[in-house]
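# Coordinates in review
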Amino acid sequence: MITFTVTNKHRPKATIVMLVSLYGKQYKKSIGIGVPVKYWNDSKKRARTTADFKEGNEINDELTDFPCCERICR
């Protein structure tokens, strides 16, 4: 299973990391995308899209189209 979360939630901008669970082990990998913490929806594991933060759609598209997720997330 693959999911996304953010690290460094105490900072204004956090790094998105990919969490992979495979055969009972968990792996964490930074994907090189940052998002302001206040625009991260932790329950949906995606960025919020608001009038103030229109980049949310682009970030969510990148998460969905992330190379290793193409077969799993769609």
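Residues numbered from 1 in each chain as written. Predicted model: local features only at pLDDT ≥ 70, side-chain atom pairs only at ≥ 80, totals over all residues. Heavy atoms only, no water.

The next point concerns the nonpolar core. Membership of the largest hydrophobic core comes to 15 residues, with the highest contact counts inside it found for Phe4, Ile16, Ile31, Val35, Trp40, Ile59 and Leu63. Among the secondary structure elements, those contributing two or more residues to this core are strand E1 (2-7), strand E2 (13-22), strand E3 (25-36) and helix H1 (56-64). The contacts of Ile31, once residues within four sequence positions are left out, are Phe4, Ile16, Met18, Leu63 and Phe66. (Core = buried A, V, L, I, M, F, W, Y, C linked by side-chain atoms within 4.5 Å. Buried < 20%, exposed > 50% of the residue type's maximum accessible area, 1.4 Å probe, protein only. Helix = DSSP H or I, 4+ residues; strand = E, 2+ residues; numbered from the N terminus. Contact = heavy atoms within 4.5 Å.)

This part is about the sheet that holds E1. Pairing within the open sheet is antiparallel, and its 3 strands lie in the order E1-E2-E3. Since the sheet does not close on itself, it has two edges, and those belong to E1 and E3, each with one partner. When the angles between neighbouring strand axes are averaged without regard to direction, this sheet yields 30°. Note that E1 and E2 share 6 bridges and pair antiparallel. For Ile2, the partnering residue across the bridge sits in E2 and is Val20. (Pairing = 2+ DSSP bridges. Axes fitted to C-alpha atoms, helices over the stretch in contact; angles between N-to-C directions.)

Further remarks concern a negative patch on the surface. A cluster of acidic residues, Glu55, Glu58, Asp61 and Glu62, forms a negative patch on the protein surface. Tracing the chain through its elements places Glu62 in helix H1. (Patch = residues over 30% accessible without salt bridge, like charges linked within 9 Å, V, L, I, M, F, W, Y side chains within 5 Å. Areas by Shrake-Rupley, 256 points an atom, 1.4 Å probe, with all protein chains shown as cover. Salt bridge = Lys/Arg side-chain N within 4 Å of Asp/Glu carboxyl O. Lys, Arg positive; Asp, Glu negative; His and termini not counted. Charge placed at Lys NZ, Arg CZ, Asp CG, Glu CD.)

Our focus in this paragraph is H1. The set of residues buried in H1 consists of Gly56, Ile59, Asn60 and Leu63. The arc that holds the buried residues of H1, viewed along the axis, is 95°, so those residues lie on one side. On its buried face, H1 sits against E1, E2, E3, strand E4 (40-41) and strand E5 (46-47). (Arc of directions from axis to C-beta.)

It is worth spelling out the pattern of salt bridges at this point. Considering all chains together, one arrives at 2 salt bridges under this definition. The closest approach of N and O atoms between Asp42 and Lys9, which form a salt bridge, is 3.5 Å. You can see Asp42 sitting in the loop between E4 and E5 and its partner Lys9 sitting in the loop between E1 and E2, a full 33 residues away along the chain. For Asp42, a relative accessible area of 35% gives the class partly exposed. The partner of Lys45 in a salt bridge is Asp42, with the nearest N and O atoms 3.6 Å apart. Relative accessible area serves as the criterion here: at 26%, Lys45 is assigned to the partly exposed category.

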